[in-house]
Structures are given as structure tokens and as C-alpha cells.
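Each chain, letter by letter, is given below.
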Amino acid sequence: MGIYYKVLEYHHFIQINKFTKLILLLDVDPKLFNKLNEHIMNIHDLISNTSKSFLLLAICLISSPLISQVTSVNYQLKYNIDSCWYDAYLIINSGSATSVNDRTQNSSRYSIIVPVGTNINVIRNYLPLQNNQTYTGTDPVEWNINAVVGAPTIDPSHDYYRFAPLLDNESHYHDLYAGDTLKLFSLSVDTIFDCGSGIRIFENTIDPGPTAPGMGFINFSNIFRIGGSLSIYNENSPQIFPDLPYIEVPLVPTCNAGIEIDVTASTSSCQAPLSYVWTGPDSFISTDEDIVILPAETINEGDYKIKVTDHFGCKDSLTVFAFNKPNAGNDLVVCAGTVLGLSGTSPDTGSWAAAISNPGGALLSNTNPGSANVSFDLGAEGLYRFIYLNAVCSDTMEITVLPLPVTNITGDQTLCIDETTTLSPGSGGSWISNNPLNAMVSNDGLVTALAAGTGTFTFTSFSTGCSGTTDTVTINPTPSVSITGTPNVCVGSITTLVPASGGTWASDLPTVAVVDNSGLVTGMSEGTVLLTYTDTMTGCLSDPLSLNVLPTPVISIIGNDIICENSNTNLIPDTGGTWISTNPVVAVIIN
């Protein structure tokens, strides 16, 4: 059961002040009476500014289906980011309308409040449709502004617009059902700020009524009538405002260098361009979209907040906690066998770790806050990475380890003084002796022994700057020899040499003198001989000993060869030497 009412005519009938209400009520309950009274006041508002003073209302309770079957609707305003317009919607809450009468548009009001000075106009119409009794209408009815109040005394910061459809009672909707949402018309607004918060649908019973100061007795209350019904407008559904800027959250602030925060923000083309304001630690402020602080220190760590604002004043914000990128130090190129100290900064309290992809041959040790040692063995080669960590950020030091040159002793490894040996490589770098008093080496790898002892030799490659050291070369001493007997020997005589064992003796002229391995020398003939000794253990040859072999003196008796006791005789030579008697008891001789 519903209510059907009609304004009969504006003629003299019954005058009560400026209008007359004639109510014919039959068994009306209190709720229905209140609803009826509200609609009577709506009609009063329609004629309050006319010269007509008389109204006859006939209200009848009927139980026949002469009433609209849509019983409740809402209004809703949506901002359309595709068209850049505001779309005015009608939402069917309950009931349905399928007959021509039930689908017929009746007089209605759709009121919008905007900030003062804002220009607003209907830019496109959608529903209802003209000549749509049989669902063939294509031309929408125009919704026009039929009342405006600018900056009323009670609300000087806003303007009030009232929209109504033309050709009501001659236009129709398609079939309507509960849950339908219909776009009635679109509005263009010349200025939007504060994200459109000042643009909204009028709120019945909340916003100023017609008698409020400055409202000019114009009623902006929303009403919606269809199929001959009283107003079935219920309330406004939540408004859809322009979208806030979308800020894509970086999963992790990038740590490519210093502090880097890469933020992607977007909005509709209607609301572009975007502006940015960053604030952060150490009084940081920026109007760029992204943050790059190079170099960064620990004082730069902390919360960075970005506020993104579009052309309409729609705002969104995001806070990102950023760690500064620590500094592991410069990359290095070293040779195998190097021991390094690692020291990180910004901050100096980070931790060191070796990359799991490192080749073998490196040992990280003494890992303290901010520092560590790394040792490369002699076989290390390749690219090694050591990571300096600070919370979620890290820096990597790359250390390229070059191989050591391969060095070899290609000659004898044991030498005697003045002997030589050879080393490889024989080119492509330089050689040095690590014991130059014992041995010297040329850049082609020729070693000469100088003194007894040991020596190693280092080769430095011209191409890498890396050095390799040979094994040890042993230099044995020259055997020490001497004549312990007479310095000279006569033919047929002997003398002695040392050492008397542990080696072999040799004479360079065995026809002049011969020597055995015990060092016994026998003169064989007049001349000079060189005697050398070879140490059996070392193989080293002594310096030569020079020995003169003297001839046997030629002597003769020039006197009597038989003499009597106490007699004498003469021998020659009588100068240049000494004579001795082999039996002085028998005979003596003087020089």
C-alpha cells in the first residue's frame, strides 16, 4: 500500500493564510502521517515563491496498485578518473519498476554543494531517456541547474546548486530493480582542491534549509519521484573522491651507493602533475621523486617520509627506513701470498664476510667490528669478494689475486764458489739475489757463487708485478789445503800436505811430482807442480798448491877418496849449500 497525491489546481477554494491544506485521511497510522506531512511540506516549498496562495490537496489511502513499485533510492557522487568529471548516480535500494507508469520520471531534485566561486555545469546526460515507453529511447533528458545560491550568509564559503530533469513525466527509465546503480548525468568542475573535499551532495536535514540566513527561501533538499510516487529519496551513499596518488612501496631501499630510495608514484591524467616533499634525518628535505645521498654517513640513516600531492591537492605519504650504504674500501689487485687488513667505514662497526663464491686459497681472520684480516696463500688466484655488512645494506670489496711467477732452478742446486747455475724464467722480468754476498744473479737467470753459504733468488714479472722466489741454492766452501812438510821437495824426496783424508789429491804434472790421497808428495823430477784437493762430500776443488821439485846436487870428491885418520880431503861444491856427515864419529865435514 502506498500514497498517491496530486495538486488539483491553484484556484480559490479554501484560504488559510497563504495556503490551504485539505487532508482526507482514512485510517492513517502515525508513521504514514509523518511521511505524508513531509511530502506536503515539499509541495509547499515548490509554490512558496509564487503568487499562488491556494492549494487543495487530496490525499487518499488506496490499496490498489496505482503506486510506484520502487520504494527507496540513494544518491551518490563519484569522481571519474577517465573522463575527469563528477558522475551523479541513482542507486535503487528496494522495489522494482517494470511498467511504463512505474518507470516514468517525475519532478526531482539533485543538489550539489561546491566551494565558493567554483563553476559547475552538466556536461553530459545519460538517464532517463525521452520516448522510452517501449525501451527504444536513445536521447537522454537534460538535467539543468534550476536554482543557485552563492555564498549564503549561513555558509559563505560554499555555493549551492540544484539540478532537475526537464521533461519530467515524459521520460522513462528502463526496468529498474533493487541493487541497480544508474548514472544520471556528469558534471564538469573548473577548480578542484583539497582533493574535492568541498564538492558533495546536499545532506537533507543537515545542510541549511530554505529559511536559513541567505538561502533565499530556496529548498535544496534532495527529492526523487518516479511513477507518480511521493519522494522516495533515502540518503546519500558514500562519495567516491578523486584517487589519492599511488605510491609503490620499495621492498628494500636500494644500497647501490650511499642512500638510495627509488619510489614510483602515479595518478590519473586528470590529476597530474605530482609534486613531492621528502623529509628525513639530519634536517634532510628534497622535492625530487627519488633520494640519492652520495656519499652517506651514519647520520643519514633513519626514517625518510615522502608526501606526494597531485594537482587536486590529493595527498598520500609513505615512510621508508633507510640504511646508508657502508664503505668497504677500494677494490684491490694483489699477488698471491699477500696478507691484507680490511677496514670498513660508515659505520666502522659493521661485519666482514667472505663471499661463498670465492675460489680457494683465502682465509678471513681476526674479524672484529669494522675490521678483519685476509691471507692469500701462494697458490691463490682469481677474483675474491669480501662483504662489509651494516643491517640490510652492504658494500663489497673485490680483490683480484694475481698468480706468482713460476720459478725453477734449472741448473745445479749445489754449487762451489765461482761455479754457476741457471734459473727460469730467463726473460719477462727481473731477478734479484736475496743473499748477494753469497751469490749474484743476472736478469737472464745466471747465478754465480761468491761465497760459502746459501742463497735464494726472486723473479718479478714485468706484466703483473708479482714475484716468485726459488728454492735454496747451497754454496759449499773451497777446501782449505796447505803443505805441512818442506815447502819444496827434491827429486826423490817427499813432503806432506793436508787434509790427509776426505778427498782426493791430484798433481797437474805427475812426471814432476806425484801425490797420494793421504797428502804424501814425492819429487820425481826437477820442476814446478800444482797440487789440488777435491772434497769427496762437496765435490769442491781447492785452490792449487804450487810445489817446486829441486834437482839432486851434483857432488864429487876432488881430493883423495881414501884418507887416513886425522887427514882430510876436498869435496865440491864448496859453496851454495851445507854439508853434513852421515857418520860424524868417523868423519866430519865443514861447509
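Here, residues in each chain are numbered from 1, in the same order as that chain's written sequence. This being a predicted model, a pLDDT of at least 70 is required before a residue's local features are given, and a value of 80 or more before pairs of side-chain atoms are given or counted; all residues contribute to the totals for chains, interfaces and linings. To obtain the side-chain values, all non-hydrogen atoms of the structure were included, while hydrogens and water were left out.

S.K.: I'd like to hear about the overall build of the protein chain, residue by residue, with values.
M.R.: Only DSSP runs of H or I with at least four residues qualify as helices, and only runs of E with at least two residues qualify as strands; both kinds are numbered from the N terminus onward. Of the regular secondary structure elements, the protein chain holds 1 helix and 49 strands. For the protein chain, the proportion of its 591 residues judged to be buried stands at 39%. We call two residues contacting when some pair of their heavy atoms lies within 4.5 Å. Counting only contacts in the protein chain whose residues sit at least 6 apart along the sequence, the fraction spanning at least 24 positions is 61%. The Shrake-Rupley method, run with a 1.4 Å probe sphere, supplies the accessible areas, and residue values consider only the shown protein chains as cover. Just so you have it, the protein chain exposes about 30,800 Å², and 54% of that area is on carbon and sulfur atoms. Per-residue accessibility, obtained with a 1.4 Å probe over protein chains only, is compared with the maximum for each type, and a residue is labelled buried under 20%, exposed over 50%, and partly exposed between these values.

S.K.: I'd like a description of the side chain of Thr495, backed by residues and values.
M.R.: Inspection of the secondary structure assignment puts Thr495 in strand S42 (residues 494-498). We define a polar contact as two N or O atoms separated by no more than 3.5 Å, with the added condition that, inside protein, one atom must be a possible hydrogen donor and the other a possible acceptor, whereas residues neighbouring each other in sequence contribute only through side-chain atom pairs. There is a polar contact of 2.7 Å between the side chain of Thr495 and the backbone oxygen of Thr486. The residues touching Thr495, leaving out its near neighbours within four places in the chain, are Ile483, Gly485, Thr486, Val489, Gly519, Leu520, Val521 and Leu547.

S.K.: Got a sec to walk through the side chain of Asn438? Specific residues and values, please.
M.R.: Along the chain, Asn438 turns up in the loop between strand S33 (429-433) and strand S34 (439-441). When its relative accessible area of 16% is taken as the criterion, Asn438 is described as buried. When neighbours within four sequence positions are excluded, Asn438 is seen to be in contact with Thr448, Ala449, Leu450, Ala451, Ala452, Gly453, Thr454 and Ile475.

S.K.: Requested: an account of the sheet that holds strand S8 (residues 143-150), with residues and values cited.
M.R.: Pairing between two strands requires that DSSP report at least two bridges joining them. Read across the open sheet, the 4 strands follow the order S8-S9-S5-S13; overall the sheet is antiparallel. Looking along the sheet, the strands with just one partner apiece sit at the ends: S8 and strand S13 (200-201). Here strand S5 (residues 110-115) runs beside S13; their pairing, made up of 2 bridges, is antiparallel. Its bridge partner being in S13, Ile113 is matched across the sheet by Arg200.

S.K.: Explain the state of the cysteines to me, using residue names and the numbers behind them.
M.R.: Any two cysteine sulfur atoms lying within 2.5 Å of each other are counted as a disulfide. Enumeration according to the criterion identifies 4 disulfides in this entry. A sulfur-sulfur separation of 1.9 Å characterises the disulfide bridge that pairs Cys84 with Cys270. Because the sign of the S-S torsion sets the handedness, a value of about -85° for the bond joining Cys84 and Cys270 places this disulfide among the left-handed ones. Here Cys84 is found in the loop between strand S3 (70-80) and strand S4 (85-97), whereas its partner Cys270 is found in the loop between strand S17 (264-266) and strand S18 (275-280), with 186 residues between them in sequence.

S.K.: Explain the packing of aromatic side chains to me, using residue names and the numbers behind them.
M.R.: Here is the rule: rings of Phe, Tyr and Trp (six-membered ring for Trp) pair when centre to centre is within 6.5 Å. Planes less than 30 degrees apart are stacked, more than 60 are edge-to-face, and the remainder are tilted. Applying the stated criterion across every chain yields a total of 19 aromatic pairs. Note on Trp505 and Tyr533: the rings are 5.2 Å apart at their centroids and 50° apart in plane angle, and the pair reads as tilted. Here Trp505, found in strand S43 (residues 503-507), pairs with Tyr533, found in strand S46 (residues 527-535); they are 28 residues apart in sequence, far enough to count as distant. Tyr533 matches Trp505 in its accessibility class, with the two residues each being buried.

S.K.: Tell me what's going on with the nonpolar core, and back it up with residues and numbers.
M.R.: Grouped together as the largest cluster of nonpolar side chains are 37 residues, with contacts concentrated most on Tyr110, Ile112, Tyr173 and Phe224. Where this core is concerned, the elements lending two or more residues are S3, S4, S5, strand S9 (158-165) and strand S12 (181-189). Here, nonpolar core means buried Ala, Val, Leu, Ile, Met, Phe, Trp, Tyr and Cys residues that are tied together by side-chain atoms lying within 4.5 Å of each other. Counting residues in hydrophobic clusters, the runner-up holds 18 residues, among them Trp278, Phe284, Leu318 and Val320.

S.K.: How would you summarise unusual backbone geometry if you had to cite specific residues and measurements?
M.R.: In this chain, Val498 is followed by Pro499 through a cis amide linkage whose omega measures 5°. Secondary-structure assignment places Pro499 in the loop between S42 and S43. In this structure, Pro573 follows Ile572 across a cis peptide bond, with omega equal to 5°. Counting through the fold element by element, Pro573 comes out in the segment after strand S49 (571-572). In this model, Cys195 sits at a positive phi of 60°, which is unusual for a non-glycine residue. Looking at the element boundaries, Cys195 is found in the loop between S12 and S13.

S.K.: Lay out the sheet that holds strand S44 (residues 513-515) with the relevant residues and their values.
M.R.: Overall, antiparallel pairing links the 4 strands, which are arranged S40-S42-S45-S44 in an open sheet. In this open sheet, the two strands that pair with only one neighbour each are strand S40 (482-483) and S44.

S.K.: Describe the pairing of strand S45 (residues 520-523), with residues and values.
M.R.: Taking every second residue as pointing to the same face, the buried face of S45 carries Val521 and Gly523, while none of Leu520 and Thr522 on the other face is buried. Here S42 runs beside S45; their pairing, made up of 3 bridges, is antiparallel. Pairing of Thr495 across the sheet is with Val521, part of S45. When S44 meets S45, the two strands line up antiparallel, connected through 3 bridges. Across the sheet, the residue bridging to Ala513 is Gly523, located in S45.

S.K.: Requested: an account of a negative patch on the surface, with residues and values cited.
M.R.: On the surface, a cluster of negative charge is contributed by Asp412, Asp418, Glu419 and Asp543. Here Asp543 is to be found in the loop between S46 and strand S47 (545-550). In this analysis, a patch consists of residues with relative accessible area above 30% that form no salt bridge, clustered at 9 Å for like charges and at 5 Å for the nonpolar side chains Val, Leu, Ile, Met, Phe, Trp and Tyr. Salt bridges are defined by distance alone: a side-chain nitrogen of Lys or Arg within 4 Å of a carboxyl oxygen of Asp or Glu. In this tally Asp and Glu are treated as negative and Lys and Arg as positive; neither His nor the chain ends contributes. Charge coordinates come from a single atom per side chain, which is NZ of Lys, CZ of Arg, CG of Asp or CD of Glu.

S.K.: Describe the pattern of salt bridges, and please don't skip the residues or the numbers.
M.R.: Throughout the structure, instances matching the rule amount to 4 salt bridges. Across the salt bridge formed by Glu398 and Arg385, the nearest N and O atoms sit 3.2 Å from each other. One end of the pair, Glu398, is in strand S29 (residues 393-402); the other, Arg385, is in strand S28 (residues 382-390), and 13 residues separate them in sequence.

Purely spatial values, then, with no claim about function.
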